[in-house]
Amino acid sequence: MHSRVIVQTDDFDVAEECRALANSGRCGAVTQFVGVMRDRNEGDDIAAMELEHYPGMTERSIEAIIERAGERWPILAATVIHRVGSLLPGAQIVFVGVAAMHRQAAFSACEFIMDYLKSEAPFWKKECKADGTERWVDARDSDAQALNKW
Amino acid sequence: MHSRVIVQTDDFDVAEECRALANSGRCGAVTQFVGVMRDRNEGDDIAAMELEHYPGMTERSIEAIIERAGERWPILAATVIHRVGSLLPGAQIVFVGVAAMHRQAAFSACEFIMDYLKSEAPFWKKECKADGTERWVDARDSDAQALNKW
Amino acid sequence: MITILFFAKYREQLGLGKMNFTLDTALSVGDLKKRLVSDGGEKWAEVLLADNTLCAVNQTIANDSVEINDGDEVAFYPPVTGG
Amino acid sequence: MITILFFAKYREQLGLGKMNFTLDTALSVGDLKKRLVSDGGEKWAEVLLADNTLCAVNQTIANDSVEINDGDEVAFYPPVTGG
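Residues numbered from 1 in each chain as written. Chains lettered and ligands numbered in written order. Predicted model: local features only at pLDDT ≥ 70, side-chain atom pairs only at ≥ 80, totals over all residues. Heavy atoms only, no water.

- In the nomenclature of an unreviewed UniProt entry, chain C is known as Molybdopterin synthase sulfur carrier subunit of Zhongshania marina.
- In its Sequence similarities (unreviewed entry) section, the UniProt entry covering chain C states "Belongs to the MoaD family." (UniProt positions renumbered as here; feature names shortened; annotations may be inferred.)

- Per an unreviewed UniProt entry, chain A is named Molybdopterin synthase catalytic subunit, and its organism is Zhongshania marina.
- Chain A has a UniProt comment under Catalytic activity (unreviewed entry) that states "2 [molybdopterin-synthase sulfur-carrier protein]-C-terminal-Gly-aminoethanethioate + cyclic pyranopterin phosphate + H2O = molybdopterin + 2 [molybdopterin-synthase sulfur-carrier protein]-C-terminal Gly-Gly + 2 H(+)".

As structure tokens, then:
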């Protein structure tokens, strides 16, 4: 199983990632998740966001999550790209892509990786509201609960 | 909910589709499935594939599946693109993309649409084996069983 | 008159993708199958009477009891294998 | 000597992202928290003794009983919110 984990400020190209994931004659299914920055949160208009991470540990924790996914489902390759730094509404934040022979494994592994990334990978979001004030985003109970299905 | 269903011979651009799906300030999650042509099936090397559909009914049946997904999950937009005609191994066959505010709805609706497309949308695959012989692909029991989870 | 369509393997088996059929009396899908088999013989029976043959009337899945009316589009096809 | 890192809200609350700390004796994570709070006061208690404060030792999640050794990298951070 081939894995690729990148934390970067730059945007990513979903089509390019898809092609790279599908680049095995055995691949029949690629499932991709893209997290997008919304322009509202908790009832407020959001003008921008700042994303911070823990260099080193972030990448390691995502690698470990992919490893666990690979033990549960027969997947061929997985790619995770997470952006950090300043982002504007509509921006792509995170990419999780999984290639497998068949779609069931690709779907399950992709959702599994995304659910665990949300709960374990050390990233933090700070929102800049349209009124100029800033706040750190609070963790959501629903993200912790999402792990129950695995 | 905005839906877009296209049957075409041309390839599609996953990044372009992703951007179009994310094009709403409320969108926080885009889930995408891409079916890819494998170079082996049922133990044989496959050189090419021919895809046939039922013009009109194919599009209607996919629209109906998207409609059902929209009744079950709060999704913002869904796109299905399915190629027909001659395809070579590694080619993208089908795209299913779903945009939603949150990832759970996007994941479920995307997998639901793909599972029902597999069982209901009138497409047929004919394989051209590496030895030059042709065969129509048989429907898989596993695709019928995949519907049980919904 | 109705239009009858055949797809994929069935189109090849019958060597026919589309035919017109004059409806002299109201027919169900099941009646139509019997008429076509009685007119066409063995090869048609293999296609139309197979357990997993699907039928759509005006692009909606139809079982044998569905009534066919003048002007309808009737399609017969094998289990689908797209995606 | 160990390195101690603070991230996100905690980095801002303490006005500090990274510090060195001389380990004169073996300490557990819980011991280290107590030492830092006793040295730093109220503001440090708010960060280090909060129910949901996470700690990683050498980039692996660690609870209060984990032993810290010379040269280790210890990080304190709030619940994660990426994705």
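Moving on from the model shown.
**Describing the relation of the copies chain B and chain A**
Right, so step 1: At an RMSD of 0.0 Å, chain B and chain A line up after a rotation of 180° and a shift of 0.0 Å along the axis. Seen this way, the second copy is the image of the first under a two-fold rotation axis.
Right, so step 2: Interface residue correspondence from chain B to chain A reaches 100%, placing this contact among same-surface, isologous pairings. (Least-squares fit on C-alpha atoms with pLDDT ≥ 70 in both. Contact = heavy atoms within 4.5 Å.)

**Points about the nonpolar core**
Right, so step 1: Judged by nonpolar contacts, the single largest core of 74 residues is most densely connected at Ile75 and Ile113 of chain A together with Ile75 and Ile113 of chain B.
Right, so step 2: When sequence neighbours within four positions are dropped, the list of residues in contact with Ile75 of chain B reads Met1, Ala69, Gly70, Val98, Ala99, Ala100, Ala105 and Ala109 of chain B.
Right, so step 3: The next biggest cluster of nonpolar side chains, apart from the first, holds 30 residues, and it includes Ala22 and Ala99 of chain A together with Ile81 and Ala99 of chain B. (Core = buried A, V, L, I, M, F, W, Y, C linked by side-chain atoms within 4.5 Å. Buried < 20%, exposed > 50% of the residue type's maximum accessible area, 1.4 Å probe, protein only.)

**Concerning unusual backbone geometry**
With glycine set apart, most residues show a phi of negative sign, and most peptide bonds adopt trans.
Right, so step 1: The backbone phi angle of Glu42 of chain B is positive, close to 50°, even though this residue is not glycine.
Right, so step 2: With respect to the helices, strands and loops of the structure, Glu42 of chain B is situated in the loop between β3 (40–41) and β4 (44–53).
Right, so step 3: Taking relative accessible area as the criterion, Glu42 of chain B reaches 63% and is therefore assigned exposed.
Right, so step 4: Notably, Ala8 of chain C is not glycine yet its phi reads approximately 55°, a positive angle.
Right, so step 5: In this fold, Ala8 of chain C is placed in helix α1 (residues 8–14). (Helix = DSSP H or I, 4+ residues; strand = E, 2+ residues; numbered from the N terminus.)

**Things to note about the arrangement of the chains**
Right, so step 1: Contacts are most numerous, across the 3 pairs of chains in contact, for chains A and B.
Right, so step 2: In this view chain A stays clear of chain C, with the nearest C-alpha atoms of the two still 10 Å from each other.
Right, so step 3: Separated throughout, chain C and chain D approach each other most closely at a C-alpha pair spaced 29 Å apart.

**Observations regarding the interface of chain B and chain A**
Right, so step 1: Contacts between chain B and chain A engage 35 residues on the former and 35 residues on the latter.
Right, so step 2: When the two sides are added together, the surface that chain B and chain A hide from each other amounts to roughly 2,700 Å², 54% of it contributed by carbon and sulfur.
Right, so step 3: It is Arg38, Arg103 and Phe107 of chain B that lose the most area in chain B upon contact with chain A, and together they represent 26% of the buried surface on that side.
Right, so step 4: At the boundary of chain B with chain A, the tally comes to 4 salt bridges.
Right, so step 5: For Asp143 of chain A, the salt bridge goes to Arg103 of chain B, with nearest N and O atoms at 2.8 Å.
Right, so step 6: Contributing elements (two or more residues each) for the side of chain B that touches chain A: α1 (14–21), β2 (29–36) and α3 (103–120) of chain B.
Right, so step 7: Here the residues of the side of chain B that touches chain A sort into 16 nonpolar, 8 polar and 11 charged.
Right, so step 8: The pairing of strand β2 (residues 29–36) of chain A with β2 of chain B spans 7 bridges and is classified as antiparallel. From the neighbouring strand, Ala29 of chain A faces β2 of chain B, where its bridge partner is Gly35 of chain B. (Buried area = accessible area lost by both parts, 1.4 Å probe. Salt bridge = Lys/Arg side-chain N within 4 Å of Asp/Glu carboxyl O. Nonpolar A, V, L, I, M, F, W, Y, C, P; charged D, E, K, R; others polar. Pairing = 2+ DSSP bridges.)

**A closer look at the environment of Arg72 of chain B**
Residues and elements named next belong to chain B.
Right, so step 1: For Arg72, the location among the structural elements is in helix α2 (residues 57–72).
Right, so step 2: Under the relative-accessibility criterion, Arg72 is labelled partly exposed at 44%.
Right, so step 3: On a C-alpha basis, the gap between Arg72 and Ala109 in space is 8.0 Å, while along the polypeptide they are 37 residues apart.
Right, so step 4: Among all residues touching Arg72, those that are not within four sequence positions of it are Phe112 and Trp150.

**Concerning the environment of Leu27 of chain C**
Residues and elements named next belong to chain C.
Right, so step 1: By secondary structure assignment, the location of Leu27 is in strand β3 (residues 27–28).
Right, so step 2: Each C-alpha atom of the pair Leu27 and Tyr10 lies 22 Å from the other, and the pair is 17 residues apart in sequence.
Right, so step 3: If we skip the residues at most four places from it in the chain, Leu27 touches Phe21, Leu32, Val66, Glu67 and Ile68.

**Remarks on the pairing of β2 of chain B**
All names here are of chain B.
Right, so step 1: Counting buried positions along β2 yields 8 of 8 residues, so the element is predominantly enclosed.
Right, so step 2: In β2, alternate side chains face the same way, and those of Ala29, Thr31, Phe33 and Gly35 on one face and Val30, Gln32, Val34 and Val36 on the other are all buried.
Right, so step 3: Summarising the sheet, β2 and strand β7 (residues 92–100) pair through 8 bridges and their orientation is antiparallel. When the sheet's bridge partners are listed, Val30 is paired in β7 with Ala99.

**A look at α3 of chain B**
For an α-helix, 3.6 residues make a turn, and residues three or four places apart therefore share a direction.
Right, so step 1: Look at α3 of chain B: 25 Å from first C-alpha to last across 18 residues, which is about the 26 Å you get at 1.5 Å a residue.
Right, so step 2: Across the 18 residues of α3 of chain B, 15 count as buried, placing the element largely inside the fold. (Expected span 1.5 Å × (residues − 1).)

**Focus: the interface of chain C and chain B**
Right, so step 1: Contact residues are listed per partner, giving 20 residues for chain C and 25 residues for chain B.
Right, so step 2: For the chain C and chain B pair, buried surface summed over both sides reaches about 1,800 Å², with 55% attributable to carbon and sulfur atoms.
Right, so step 3: Counting the contacts that link chain C with chain B gives 2 salt bridges.
Right, so step 4: Put simply, Glu52 of chain B and Arg11 of chain C hold a salt bridge, and the shortest N to O gap is 2.4 Å.
Right, so step 5: The tally of links between chain C and chain B comes to 13 residue pairs in polar contact (both at pLDDT 80 or more).
Right, so step 6: Within the residue set of the side of chain C that touches chain B, elements represented by two or more residues are α1, β5 (60–61) and β7 (73–77) of chain C. (Polar contact = N/O pair within 3.5 Å; in protein donor to acceptor, adjacent residues only side chain to side chain.)

**So, the sheet that holds strand β2 (residues 18–21) of chain C**
Think of a sheet as strands paired side by side through backbone hydrogen bonds, with each pair either parallel or antiparallel.
Residue and element names in this part refer to chain C.
Right, so step 1: Judged by pairing direction, the sheet is mixed, and its 5 strands sit side by side in the order β2-β1-β7-β4-β5 without closing on themselves. The sheet is open, and its two edges are formed by β2 and β5, each paired on a single side.
Right, so step 2: Relative to β7, strand β1 (residues 2–6) is paired through 4 bridges, and the arrangement is parallel. Bridging across to β7, Thr3 finds its partner in Glu73.
Right, so step 3: Those strands touched by helix α2 (residues 29–40) are β1, β2, β4 (54–57) and β7, and its axis lies near 70° from that of β7. (Axes fitted to C-alpha atoms, helices over the stretch in contact; angles between N-to-C directions.)

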